[in-house]
Each structure stands twice: as structure tokens, then as C-alpha cells.
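Here is how the chains run, residue by residue.
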There are 4 protein chains.
Amino acid sequence: MYSFKNDYSENAHPSILNQLVAMGLEQNNGYGIDIHCENAKSFIRRDLQCEEAEIHFLPGGTITNLTAISHVLKPYEAIISSTTGHINIHECGAIEATGHKVLTPPYDDGKLTPELIAPILEAHEDEFFVHPAMVYISNPTEVGTIYTKRELEALSSYCKANNLLLFLDGARLPMALAVPECNLEMKDFQNLVDILFIGGTKVGALFGEALVLFKKDLQQRFRFSMKHRGAMLAKGWLLGVQFEQLFMDGLYYELGRHAVKMALLLKDAMSEAGISFLTDSKTNQQFPILPNKLKALIEEKYCISDWSKPDENHTCVRFCTSWATKEEDVQTFIKDFKTMYSSLR
Amino acid sequence: MYSFKNDYSENAHPSILNQLVAMGLEQNNGYGIDIHCENAKSFIRRDLQCEEAEIHFLPGGTITNLTAISHVLKPYEAIISSTTGHINIHECGAIEATGHKVLTPPYDDGKLTPELIAPILEAHEDEFFVHPAMVYISNPTEVGTIYTKRELEALSSYCKANNLLLFLDGARLPMALAVPECNLEMKDFQNLVDILFIGGTKVGALFGEALVLFKKDLQQRFRFSMKHRGAMLAKGWLLGVQFEQLFMDGLYYELGRHAVKMALLLKDAMSEAGISFLTDSKTNQQFPILPNKLKALIEEKYCISDWSKPDENHTCVRFCTSWATKEEDVQTFIKDFKTMYSSLR
Amino acid sequence: MYSFKNDYSENAHPSILNQLVAMGLEQNNGYGIDIHCENAKSFIRRDLQCEEAEIHFLPGGTITNLTAISHVLKPYEAIISSTTGHINIHECGAIEATGHKVLTPPYDDGKLTPELIAPILEAHEDEFFVHPAMVYISNPTEVGTIYTKRELEALSSYCKANNLLLFLDGARLPMALAVPECNLEMKDFQNLVDILFIGGTKVGALFGEALVLFKKDLQQRFRFSMKHRGAMLAKGWLLGVQFEQLFMDGLYYELGRHAVKMALLLKDAMSEAGISFLTDSKTNQQFPILPNKLKALIEEKYCISDWSKPDENHTCVRFCTSWATKEEDVQTFIKDFKTMYSSLR
Amino acid sequence: MYSFKNDYSENAHPSILNQLVAMGLEQNNGYGIDIHCENAKSFIRRDLQCEEAEIHFLPGGTITNLTAISHVLKPYEAIISSTTGHINIHECGAIEATGHKVLTPPYDDGKLTPELIAPILEAHEDEFFVHPAMVYISNPTEVGTIYTKRELEALSSYCKANNLLLFLDGARLPMALAVPECNLEMKDFQNLVDILFIGGTKVGALFGEALVLFKKDLQQRFRFSMKHRGAMLAKGWLLGVQFEQLFMDGLYYELGRHAVKMALLLKDAMSEAGISFLTDSKTNQQFPILPNKLKALIEEKYCISDWSKPDENHTCVRFCTSWATKEEDVQTFIKDFKTMYSSLR
């Protein structure tokens, strides 16, 4: 059964696996102090156009988030997230486990704005309340939408004006960069955010994420925080090798564009058939609201994820494409979808 | 320069890498709920001869230790370790970061005994002191020595009699099992320890460790603790595939035996030359005490690690062999060593 | 300037201070192991009609909450609170500092119901989410309303059916018990809640709260948690002496009734004048919504607290009476209020 | 039975209790923002001769230590203490509960020196080890000895040279100041330590300690840390009133001198009889090593504490005098002691 469940259903991109095999019994220093990590960092710094950026490689998303956030915050400081933010709901309280409250607006659509943050700041005026010190956003968001460069500039200015650090979780970063309206390039981030998470797991790596610390004072002793949270891999070069392959010649961005392209094919086909969507996602996650009968038919041949239940007769589901999704499999699905759709008329 | 620095200097054993390549675009469920993890668990349970054991795969050693220990202890409970225990000195306070004190005897040689533990229990009588609730040991220890089955039985009985859980960190487990005097088999552990860490990183995996929880009450909701500490890998099957290969047909034990065999060749050659050792290690870590001049010569051609400084003219160093150490490289070293040694007469 | 700012503006009830003076140089054992604590516990157990209840005395509200909650929860477990719950907003992240997420409904009026809790449980189904394990309520609530016995029974049944512990923060407990519609007695709690916080600070003590643990498994080693969190007072008998005086002959309940009676005089006077209120509080906190001009006049002679800003011309304020509020001062205020109110016509 | 068990066996000094009674129904602002706290802070700043010092009042010793230490340290930083340090053994892991490791020399006699600290710094060189960032000492120590001004200067210089903050726990501060050889005055501390804990509980207060933060960067948002750890008292002025009385006219130092004087009477009498002591304490804690039979006789009439068991026939015990110890009671004891001692010849 073909799976559109998520973008981490397959092993790594062949260029990564081939490189790992080609290395044979090559010996490397442990803990991320090796030539592959150095190369990978150079490539990423080149793309960021920022020589001062400090870059670290960590094994997964949750541990990247919790290590970065707890490294930076003082004990009584809190982080502001959208209600759908990965750190707020999908990490089993990993941020709170490091002692920090996650603050959210009562409701939001997956994206934070100065307007949503302002009332939180106003309500946290003195020592009876936690002190909001950081804003966490995901781009693309957990519901497939994006922050455009303009939106990010507005948020960034607001954060600077209010002494809030800005942390961008880019677990699917190249899928945002692939959207023309997004208008963001890697070189923009140094002026927009303080901490940038460049995801590997969902973009063709076996596993691993890169964390970029732009500010000197945030960089201090980050390797201590990594070790202290269990985020430092003994064979650290494994992460270096993967990011080397991904960033050497732009493979990373190409994989993002491919995933998005595949998703838009799905979106267009379902839109044409009159299916509506939870959000107007332009990235590799699509959230169509399906009649239950159609959903049942689809699930006979395809794996997808349930997202929410807008009414008794419909279910919002998630289709997720990846670097590994083949266009022929998408076309097969589209054909199947049309047949199934017609059969229910 | 050839490295004897540690047992995690090379990528994975070829059978693992080949299997990863062979999988192609095979799709798997995320988060360790997949057929490869299931297979690997079956193989390990078979070797443990314990169907009730619950097994989880985690990405590295420190995060395995901190997740297991914090899952089990109450906030005011402490863990007893040898002074050289990995959790006590080599994990940047990762256990304390979860809120738990690590208690040690004032001095020890890397191994805990009832005699060393008893005074700690006596000194922690009431609520002014933390409550010791768990004993942590490594087998082999961080200085290459081993607990024999008989020693482990004595420690285990003492722990049971004193309501102490026993946690065995087997980051290099098969190197202990490879020592005849050790006399331990996988099937013995269910009666000896409560929690068993079966290391992969140092035994031919790319990365990853297996954690075995023998007791029902310790098993409850362990996956929550994994997620909560950032220890759950999205592409969890990667760990399953590796342990599948390692445990399918006994490769794991074979790699341990090989590493030990290579180390003993080194040990014998240096012993013959009259070099003394920090400990009488029968495993893959050897701690010769070298005259500084000899050390300098060796380091012109080989990477080794400094361990301690017994006097001004000598340095204790660590030679570490691995699954990947070739006998021909060991023989080349031995030849070099003899030449260097003679040149200093 | 007379203060209606809160119920902890004055030192202790004279019977407490007199007793402390009368003790002279009486010597007592430290850390709450003394005759005064024993007596106080007996009196409270008598009122609870529950011999099995374990009772501890702690110095303040926040530390009582954080010690009790962290003693009981496993690391990955969360607590459900109303959005206005003291632990959610007024304790500077003290619960999160112990590693636990506080979950709230998107909106509520200060009181939790099974209907508000159910969607939270449904949304937290597996290990990607924290595991809700406890419900925290305050009675009276932070906005002066109460849970009646019937409401508490419904909530209690729901919690039992869903494996949720129920923790009642009674920082102002006797003010709830003083409300006839509440219909609660001390003897009811053993069947309704798992943990009961009986407040002293806001009910005539110098400082200190009593914590009641009804269940055997929650009682285990609580003194370790107290010491571990810094909640154990060296001169622990100071708390015993205070609760001895408060519970010996029912002074505690009397002080609660007095505070409520004084507040209702204020409420009636303002209601008669047509002032509306944020909530229909029957306890010692009253939240009138005052025209800004009237508020300004009042604040020339009285201290009150701002609560919220419903519109540009009105401010919701809090009047809080206490065990120490004299009826003559209330009557003076009422007279002043009427004069001020008329002057603005 | 008269107790020499500790220096917190009696309520407060009469001047404190009388003042509390005299206040009647005086109303004060909550949370330490009141005139009494202001006055007390002024008196302490006057004695410290340091206008920039920030002072806070907290309810007890353990919570003062854990709040101060966790306010200042980064997550991966550790604190160095003597093995007998209060934070190391007597606080049930309260510091570790905030995530920080406590490092100790293998053995020491209660006092830290640069010589004891240096090997700890050397052994903690990189991110595999916690980062030692603070030194914790008690003056007097837990075994009654003192740091002289000269010793403190040496330690302070060493700490400055090695980027270590120096925290002095003065739970019994005036007992050290009372020793002529100590040669320390309050005005010296601003140049010697970064954080000073001025104890009240053991020096005639009902409860409460003052914490002095000398450095601007350590002062920032300390009230947040207090609230966050449950260390902020609602009726904060209670602490202000006590420290007002203690520091207004030097009562604090007088009480320290008195306690020490009483202890030295005990010491002299026992010394004369040939009793030896664990340490040469010149403060209010004396640790005589008593023949078991003599100890048994004494305990028929007096409460004392067991400390250690040097051999089968002797027990080291603690006699502790306080501000409240009357000279007539000491003389009665001395008489009794002589009789008992003679009876055993």
C-alpha cells in the first residue's frame, strides 16, 4: 500500500547512502569534530552568506528544539508558540521538561503575528507571571502554510523591539523556500531570526538536523548543552556526511522543490474535483476535507493520516509528499482518485 | 594516521550499510512502530530468553541513560555509580539535568560492590538526604575491567535485598561477554538486572542503542519518556534495521569477540616488552602506562587517547580496538611498537 | 489609606500571636516533628473525619502546589487547570519548572467541568502528547465563584472514571465552606479529592498552608519531596502552632465566615447602586465593574486592585476582605461610596 | 529535658515577637514590597557599606540556596562544594533538582581551598564534563570551623582568576564574625564574595534568610526566580520586620556573640576534663568525642545530636548553643557534666 503519510517514510537520498558506503573503513574523530562536519558547515554558511553563524548537527527534531531553547532561556523565561506549534503539542512536554512554560494565544491558525503576541506580553507584566523571552515559529507551519519574507520581517521587527528572541523551526525549510510567494532566501535569515533549525530528517537525510546560532552570546558553550541533553552523537560525522551531500550543490533545495511540486499535483487534482481544504497550503502537506466514503475508498489503496473531523460526514486528512515521491505514483493516485470520486456520484 | 582512539571511528558494519542500500525506497511507519524494529526485538528477546522483556531503540548512549533513569526514579531519588561511571563524569551532568543526584563512593577502581554501596545507604537515612534507589554499573567498565557472573549475582542479590534497582550499561556489552572468565550469557540478565542497555554505537552500528526493561512496572509508558526527552527517532526503523542485522545471526557477539581479540594482541605485545597497565583489562580497551618518549614516538604514527598522568615521566593512555580493527593493522602496530621501543633503549 | 487589596495585608489573628509570645523559650524539635504539629494534625483529621489522611505543613501557596504536584506526577504527565488557575498564570511557571505542562481549555470562566476536560483528554491520545494525569481546581476560584458539593461530585466521578487525580487548592477554603449554596463540609473531601490544600496565609495565619494527602500511595516519602523542594521549615512547629490555634475550636471556619460576611456587605451596597460585577461571587473577593471616575474617587481613600478593562470607561477591580476586616471600616466605606457615587450624577 | 540539639529550638527573640504584636492590624503590601523590608535592607546595606547590593528575603535555608544557585547558573554549569557542604548532603538533592551537579573533592575537612578546587577544574576541561562555575562555602562551616578573612581573600582571588562565582552560605554568619581570629567584618564581603546568604532562622528569627547579590548581572530579575521556585512569601513584610529588628541596632551580631560565648563555656569545661573534639571549633557548634557511657549519662538529662562514630567506645556528638541559651543553663550543664564525668572514673 503506497503511503502519503509523511515525508520521513523512506531511507535517505541515494547520494547520501552511496557516500556512506563509499567511505568504507575511513576513520573519523568523534562528536562532530571532523572534516565532514566542517565541510557541511562551510556549505551552509556559504548559503546563509554569514561567516559568523555557528552551526551544530543534532540527531532529531524534538531534541534540537529542547536543546536550543533550554540553552538560551533563563529558568523563569517562557517561549511563545502558536497553538499548533510542534513544541506546544507534538513533543510530549519536552520543553516543559526543561523547565520552561510554552505560552500560546487562545486560538490561532498556525501562524503567529505581532497582534497575537502583544496581548501575551501585556498579560505577563511582572514576577507573578513567567517572562516571555522567545518566539517559536515553524516555516512551513504544521498546517502547511508559510510565513512570507514580508511577514517574517514584521515579526522579526516586533521581536527585536520587544526583546524577544526569534527561533525558526525549519524542519521542512526548503518546502517553504520552494514557494514563490514566500520570497525567502537562505541569506535573509541572518537578519530575520536568532536561531534557525534546518531540518534534515524530513528532507532526505537518514536522520539529523542542523542548528544555526547567529548571535555570539547565544553560541557560548552550546556543545555543553548538546552533551548535557544527550544530543551529541558519538559518530558525529554521520550527520556531517549527510549535510555535506545535501548542501554541496543545492540538493537540499531541489528535494524541497520536488516534494512541493508533487503535493501541488495532488492539490490541483483534488481541487478540480471540488474538494475543499483546511488551509491553502502551497507546500508538501495538503489537508483536503474528504467525504467519509471517499476517504474509505482511498484508504483501501493508500496510507494517509487523519487530521481533524469538521463534521460527521467529512474528515480532514493529511497527504504528505517527500523528496522520494515519484511523479508516476502521484499520477497513479490521481487516476485512482478520479475513479473513486466518480464511483460515488 | 591509524587511529586506536575509540571503537566508534568507522561507519557501520557492511551488512548494515548494504541492507540500508538494498531497501531502496521501501516505505516504513515512523517512530519505531515497524517490521524491522519488531524483528530486531524478537531476535534480542530470543537471546535473552525472556518473552516479557520490553525493548526500545534510542539514538545514543547519554540519551539512553538519562531517559531510562529519569523514567524510573522519583524526583527525590538518587542513583549510585562508580566514580568513573559514564553517567558520573562523562555526560556533562545529564542525569542531574533530569533532577537526580549521582552518588559515588569516595574512591573506587571502576567497579561497585556491596561493600562500597553499604556506607552510602547508611549515610542516607532520612529526608535530609536523597534516597538512593538505583545502582548503575557498566560492563565492561570504563576502565576495561568486567563484572563476572558471580560478582553480578552478589551485587544483584544485595540490590534486591536493599530495594535498589540495578541498571547495567552495556555500551560495550559483547566485549564483556567475550571474556571467558566473565561467564555471562544473555539469558542470565533477566535474573540479574532490572534494566539492560545493549550498545550499538560501539559495536558496529551507525548509531543507536537498545534498552531492555525487564519489569512490568518499569515498562509503563516508556515511549512517553522517550518522546519527552527527545529520544524517539522519526525514522525509527533505521535503528530496527541495524539491530536486525546485528542480532539475526549472532553478528553482535562476533564483533565483540573480534574487538577483544585485537586488543589482547596489543596487550600481549606491550606486556611482553614490560609495559605495565592501569588495569588488567581483558576487553577491547587497554590502558598501558607508557614512558613519555615512547608515547611521543607512537603518536607520530597512531592516534591514541590520554587517560591519566601517574608520574612525570609516564602517561597512561587508552588503546581501543573495534569491530573494524583489522588484524593486519594491529600487526603493523606491534612491529612499529617493537622498533620504537628498541630505539629508546 | 485603608486597603481592600487582599486578604493577607495584616499579621496573624491575635490568638496565634499571643500563643507564640506565651511560648517563651519553649524548646521544640525541628522540621515539623513536634507536639504542636501533631495537635494541629489531629484537629484537622478530626474535622475531615478521616484518620488515614496524612497532613503536612508548608510555608506558602506556590511551594505547596509545586511540591504536591511534582511529588505525584511522572515526568511526562501533565496537569489540567482552568485558564485562570493560580498554577497556570500566577506562579511564574513554578509547575513547569518541575517539568510538567499545565493544560487548559482555550477559554473558561474559572471553573473546570467534565465537558471542558473531555476534549483535552481526547486530544492527548498517545506519546506525542503529554499524558494528563491530574486536575487542579481552586475552591473558591480565583474569580470568587465556588464549586458546589454537587459540582464537585460530578467532577470527582469524572476524574475517577478517567484515571485523573483531583487536587483542590483551598487557599481560601473556609470562604467557600461559608457559602450556604456550596453545601460542602470538611468530611466530604475524603471522598471527593485526592489532595487537599487547606490555606493558612489568607485565613489569619502569619504564613503557612496545610496539605492533606488522602491516598496511601500518594503519601509515600512526601517529606523527601518537601526537603528536596525547600519546603521544609527548620522551626516547623511555627506552622503547627498556627494551625493548632486555627483548628482547635473552629476559629478557621469562623474567620472564613467573617471575611465573606464583610464582602457581601460591600457587594450589596454596590449592587444597590446599580454596579454590575464580573462574576456573581458569594465569597470574600468581589469584582465590581466601576466607571473610571468613580474608581478614581474611591482610590483617593482606599487601596483596591485592578483586575481587567472591559471597556474604555470602566474598570473591573477587586475588593478583598479578610478575617481582619472590621465591620466599622466596611460601613465607613459604604458611606463614602454612596457619597462618591452621588457626586458623579 | 534541656536541648543543646540545635540553634533553632526556640521561637524568635522577644524584640521580634513584641514588634509583631505591636503592629496590631497594620496593613502592608504583599510580596516584600513594603516599608519594613525597605528598612531592613537599608540597615543591612549600611552594615555592608555597599549601596549597590540587592537584598531579598526568603523563608528558609534550602530554598535560599536552590533559588540563588539556579538563578545564576546555566543549565550545564556545576557548583563546587565541600563534601560536608549543606547543599551537598543535607538538602535531599535540592540543587540537583534544579538541574545542577554538585562537585566535591574526594575528601576534605569541611573547608575548600584553591588546592582542593584546582584538580576539579583540571578534570573538567571540555563538554563531556559539567562546567564548574561557582564555589559554595559555609562560614562557619557545618563542622564549626571558620574561614578567616585571609583564607577568604585567597579563595576569592582564586575564584576571580578562574571565573568562578563565590557563594557564601552564612546561615550562622554572626557566629563566624564573633570569632576574633576570623577578622571579618560585614563591609569586607562586597570584595570577597558574589552572593552572601545572611541567615535569620539560626540567629533569633522565627524564620527567614536574607540574600545579598553584589553584582548587577546577578541581580537581574531575581524576584522572578523567587516566585518561580516558591520562595516569595505573600506576607513578605514578616521577614522585613524580623531583619529590621535584627539589624537596626546590631542585635544580630550580639546574638551571634552570645551563642558563641555559651558554646565556648561548654568547650572549655569539656576540654579541661580531657575530652577531645572532632574539630577545633570556635563557634556555637562543638563536636566533642565522648566515651559512650558518658554520652548515655548526659542524654538522660540533655538532648544532643549524634554526629559520627570514630570507634566502638566513643561517639562524636554535637552541642549547639543559640541566641536563647541562658548562661545559667550552661552552668547547670557544666556542673552536671563534671559530676557525671567523675562518676565514671
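These figures come from a predicted structure and were not determined experimentally.

Visitor: Would you mind going over the relation of the copies chain B and chain D with me for this structure?
Guide: Each copy of the chain is related to the other by a rotation around an axis and a translation along that axis. Once chain B is rotated about the relating axis by 180° and shifted along it by 0.1 Å, it coincides with chain D to within an RMSD of 0.1 Å. Such a combination of rotation and displacement between the chain copies is what one expects of a two-fold axis. When the interface residues of chain B are mapped onto chain D, 100% of them again lie at the interface, so the same face is used by both copies.

Visitor: Would you mind showing me how to read the confidence of the model for chain A here?
Guide: In low-pLDDT segments, the atomic positions of the prediction should not be examined closely. In this model, chain A carries an average pLDDT of 97, and 100% of its residues clear a pLDDT of 70 or more. Among the scores for the predicted complex, ipTM is 0.97 and pTM is 0.97.

Visitor: What should I look at first to understand the sheet that holds strand β3 (residues 77-81) of chain C in this one?
Guide: Strand-to-strand pairing in sheets goes through backbone hydrogen bonds, with the strands running parallel or antiparallel. Residues and elements named next belong to chain C. Taken together, seven strands build an open sheet; the order of strands is β2-β8-β7-β6-β5-β3-β4 and the sheet is mixed. Sheet topology places β2 (54-58) and β4 (102-103) at the edges, where each strand pairs with a single neighbour. Looking at chain direction, strand β6 (residues 165-170) and strand β7 (residues 195-199) are connected through four bridges and run parallel. Looking across to β7, one finds that Gly-170 is bridged to Ile-198. Against the sheet, helix α6 (residues 149-161) touches β5 (131-138) and β6, its axis set at about 145° to β6.

Visitor: For this particular structure, what's the right way to read the interface of chain B and chain D?
Guide: For interface size, the figure often reported is the accessible area lost on association. With 19 residues of chain B in contact, the opposing surface of chain D contributes 19 residues. For the chain B and chain D pair, buried surface summed over both sides reaches about 1600 Å², with 59% attributable to carbon and sulfur atoms. Counting the surface chain B buries against chain D, the share from its top three residues, Cys92(B), Glu96(B) and Lys101(B), is 34%. Here chain B is connected to chain D by two salt bridges. Of the charged contacts in the structure, one is a salt bridge between Lys101(D) and Glu96(B), with a shortest N-O distance of 2.6 Å. Between the two partners, chain B and chain D, sit eight residue pairs in polar contact (both at pLDDT 80 or more).

Visitor: Explain unusual backbone geometry here, please?
Guide: Cis geometry is found at the peptide bond from Asn139(A) to Pro140(A), where omega equals 0°. Mapped onto the elements, Pro140(A) comes out in the loop between β5 (131-138) and α7 (149-161). Here the phi dihedral of Cys92(C) falls at roughly 50°; this positive angle occurs in a residue that is not glycine. Mapped onto the elements, Cys92(C) comes out in the loop between α4 (86-89) and β4. Take Cys92(C): its relative accessible area is 0%, and that puts it in the buried class. Positive phi is not limited to glycine here, since Arg221(C) has a value of about 55°. Among the structural elements, Arg221(C) can be located in the loop between α9 (216-219) and α10 (222-228).

Visitor: Which parts of the structure should I look at to understand empty space enclosed by the protein?
Guide: If a probe the size of a water molecule is rolled over the atoms, the empty space left behind becomes visible. Enumeration according to the criterion identifies 16 cavities of 30 Å³ or more in this entry. Lining the largest cavity are 23 residues, with Gly60(C), Gly61(C), Thr62(C), Glu209(C) and Ala234(D) sitting closest to its centre. Here the lining of the largest cavity takes four residues from helix α3 (residues 61-72) of chain C, the largest share from any one element. By residue class, the composition of the lining of the largest cavity is 10 nonpolar, seven polar and six charged.

Visitor: Please explain the interface of chain A and chain B as it appears in this structure.
Guide: Every contact between the two is made by 47 residues of chain A and, on the other side, 47 residues of chain B. Across the chain A-chain B interface, the total number found is 22 residue pairs in polar contact (both at pLDDT 80 or more). Going through the elements one at a time, β1 (2-3), α1 (14-22), α3 (61-72), α5 (94-97), α11 (222-228) and α12 (237-248) of chain A are the ones with two or more residues in the side of chain A that touches chain B. Split by residue class, the side of chain A that touches chain B holds 26 nonpolar, 13 polar and eight charged.

Visitor: I would appreciate a short explanation of the relation of the copies chain A and chain B in the present structure.
Guide: Taken as rigid bodies, chain A and chain B are interconverted by a rotation of 180° and an axial shift of 0.1 Å, the fit giving an RMSD of 0.1 Å. Taken as a fraction of all interface residues of chain A, those also at the interface in chain B reach 100%, which identifies the copy contact as same-surface.

Visitor: Help me understand the sheet that holds strand β2 (residues 54-58) of chain B, please; the structure alone is not making it clear to me.
Guide: Residues and elements named next belong to chain B. The mixed open sheet is built from seven strands, whose spatial order is β2-β8-β7-β6-β5-β3-β4. The open sheet has two edge strands with one neighbour each: β2 and β4 (102-103). Pairing of strand β3 (residues 77-81) with strand β5 (residues 131-138) involves five bridges; the strand directions are parallel. From the neighbouring strand, Ser-81 faces β5, where its bridge partner is Tyr-136. Where helix α3 (residues 61-72) meets the sheet, it contacts β2, β3, β5, β6 (165-170), β7 (195-199) and β8 (209-213), and its direction lies at approximately 170° from that of β6.

Visitor: Before we go on, may I ask you to explain the packing of aromatic side chains in this structure?
Guide: Each aromatic ring pair is summarised here by two numbers: the centre-to-centre distance and the angle between the ring planes. Considering all chains together, one arrives at 76 aromatic pairs over all chains under this definition. For the ring pair Tyr2(D) and Phe4(D), a centre distance of 5.1 Å and an interplane angle of 65° mean the geometry is edge-to-face. Comparing Tyr2(D) with Phe4(D) shows no difference in burial state: the two are buried. Among the aromatic residues, ring-to-ring pairing joins Tyr2(A), Phe4(A), Tyr302(A), Phe319(A), Phe333(A), Phe337(A) and Tyr341(A) into one connected group. Across the ring face of Tyr147(C), the terminal group of Lys111(C) is positioned such that the distance to the ring centre comes to 5.5 Å.

Visitor: How should I be thinking about the side chain of Gln286(D) in this particular structure?
Guide: Structurally, Gln286(D) can be placed in strand β10 (residues 285-286). A polar contact is formed between the side chain of Gln286(D) and the backbone oxygen of Thr283(D), at a distance of 3.0 Å.

Visitor: Is there a simple way to think about the environment of Leu155(A) in this case?
Guide: All names here are of chain A. Of note, Leu-155 is situated in helix α7. Distance in space between the C-alpha atoms of Leu-155 and Tyr-136 is 11 Å, their sequence separation being 19 residues. Ignoring any residue separated from it by four or fewer positions in sequence, one finds Leu-155 in contact with Leu-112, Thr-113, Pro-114, Ile-117, Ile-137, Tyr-147 and Leu-166.

Visitor: Hey, could you run me through the environment of Asn163(D) in this one?
Guide: Looking at the secondary structure, you find Asn163(D) in the loop between α7 (149-161) and β6 (165-170). In sequence terms Asn163(D) and Ser308(D) are 145 residues apart; their C-alpha atoms lie 36 Å from each other.

Visitor: Quick question: what am I supposed to make of the nonpolar core here?
Guide: Across soluble globular proteins, you tend to see nonpolar side chains buried next to one another. In this structure, Phe189(A) and Phe189(B) are the most contacted members of the largest nonpolar core, which totals 139 residues. With residues near it in sequence (within four places) discarded, Phe189(B) still touches Leu152(B), Leu168(B), Leu173(B), Leu177(B), Leu184(B), Leu196(B) and Phe214(B).

Visitor: I would appreciate a short explanation of the packing of α1(A) against α12(A) in the present structure.
Guide: When two helices pack together, their arrangement is given by the angle between their axes and by how far apart the axes lie. Residue and element names in this part refer to chain A. Across the interface, α1 lies against α12 with an axial gap of 9 Å and an inter-helix angle of 135°. Between α1 and α12, the angle is such that the two are oblique. Once α1 is placed against α12, the crossing between them reads as right-handed. Note on element contacts: α12 touches α1 through Leu-238, Val-241, Gln-242, Gln-245 and Leu-246, opposite Ser-15, Ile-16, Gln-19 and Leu-20. Of the residues that constitute the contact of α1 with α12, the class distribution is five nonpolar, four polar and no charged.

Visitor: What am I meant to see in the packing of helix α2 (residues 35-48) of chain C against helix α11 (residues 237-248) of chain C here?
Guide: Residue and element names in this part refer to chain C. It is at 7 Å that the axes of α2 and α11 come closest, and there the two elements cross at 35°. You can see that α2 and α11 cross each other, and the crossing is left-handed. Within the contact between the two elements, α2 uses His-36, Cys-37, Asn-39, Ala-40, Phe-43, Ile-44, Arg-46 and Asp-47 and α11 uses Trp-237, Gly-240, Val-241, Phe-243, Glu-244, Phe-247 and Met-248.

Calculation rules
Residues numbered from 1 in each chain as written. Chains lettered and ligands numbered in written order. Predicted model: local features only at pLDDT ≥ 70, side-chain atom pairs only at ≥ 80, totals over all residues. Heavy atoms only, no water. Least-squares fit on C-alpha atoms with pLDDT ≥ 70 in both. Contact = heavy atoms within 4.5 Å. pLDDT = per-residue confidence, 0-100. Pairing = 2+ DSSP bridges. Helix = DSSP H or I, 4+ residues; strand = E, 2+ residues; numbered from the N terminus. Axes fitted to C-alpha atoms, helices over the stretch in contact; angles between N-to-C directions. Buried area = accessible area lost by both parts, 1.4 Å probe. Salt bridge = Lys/Arg side-chain N within 4 Å of Asp/Glu carboxyl O. Polar contact = N/O pair within 3.5 Å; in protein donor to acceptor, adjacent residues only side chain to side chain. Buried < 20%, exposed > 50% of the residue type's maximum accessible area, 1.4 Å probe, protein only. 1 Å grid on protein atoms, 1.4 Å probe; cavity = no way out; pocket = protein on both sides within 12 Å on 5 of 7 lines; lining within 4 Å. Points joined across faces, edges and corners; volume = space filled by probe spheres on them. Nonpolar A, V, L, I, M, F, W, Y, C, P; charged D, E, K, R; others polar. Phe/Tyr/Trp six-rings, centres within 6.5 Å; stacked < 30°, edge-to-face > 60°. Lys NZ or Arg CZ within 6 Å of the ring centre and 35° of its normal. Core = buried A, V, L, I, M, F, W, Y, C linked by side-chain atoms within 4.5 Å. Parallel < 35°, antiparallel > 145°, perpendicular 65-115°, else oblique. Left-handed = near helix turned anticlockwise from the far one by under 90°.

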